[in-house]
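# Structural description and commentary
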Amino acid sequence: MTQVNMLEAKTDLSKLVRLLETGQEEMILIARNGTPVVEMKLAQKKPVPKRIGVAKGKLHIPEDFDKWDDEIAEAFEVGS
């Protein structure tokens with residue numbers, strides 16, 4: 001655990017956050033006039049569910065999937 005004064009915390013905030021992120025520090029105390037007033041800890045990260053590719057390999061598209069494209073386009077007078 002590291003203790004820093006308020007001015008140092010304001011000046012070196014990025015450095016202090018990096019210490020927490022890398023696991024070099026578990027908690028950082030920020031003190032005013034030598035008295036600890038804030039405990040800074042790494043927030044718990046919520047796992048982000050994997051969304052892209054979740055159906056990979058589960059969907060089969062038949063070879064003749066687009067066999068009616070021309071007929072549908074003609075019905076809507078799209079194309080020639």
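Residues numbered from 1 in each chain as written. Predicted model: local features only at pLDDT ≥ 70, side-chain atom pairs only at ≥ 80, totals over all residues. Heavy atoms only, no water.

A word on the sheet that holds strand β1 (residues 2–5). One open sheet holds the three strands; their spatial order is β1-β2-β3, and the pairing between them is mixed. Bordering the open sheet on either side are β1 and β3 (35–41), each of which pairs with just one other strand. The mean inter-strand angle of the sheet, taken between neighbouring strand axes irrespective of direction, is 30°. In this structure, strand β2 (residues 27–32) lies alongside β3, joined through six bridges in antiparallel fashion. In the strand pairing of β3, Leu29 is matched with Glu39. Sitting on the sheet, helix α2 (residues 13–21) touches β1, β2 and β3, and the angle it makes with β3 is about 60°. (Pairing = 2+ DSSP bridges. Helix = DSSP H or I, 4+ residues; strand = E, 2+ residues; numbered from the N terminus. Axes fitted to C-alpha atoms, helices over the stretch in contact; angles between N-to-C directions. Contact = heavy atoms within 4.5 Å.)

In this fold, Glu25 is placed in the loop between α2 and β2. A polar contact of 3.4 Å, which involves the side chain of Glu25, links it to the backbone nitrogen of Met1. In this view, Glu25 contacts Met1, Thr2, Leu19 and Leu20; residues no more than four positions away in its chain are not counted. (Polar contact = N/O pair within 3.5 Å; in protein donor to acceptor, adjacent residues only side chain to side chain.)

Just geometry here; none of it tells us what the structure is for.
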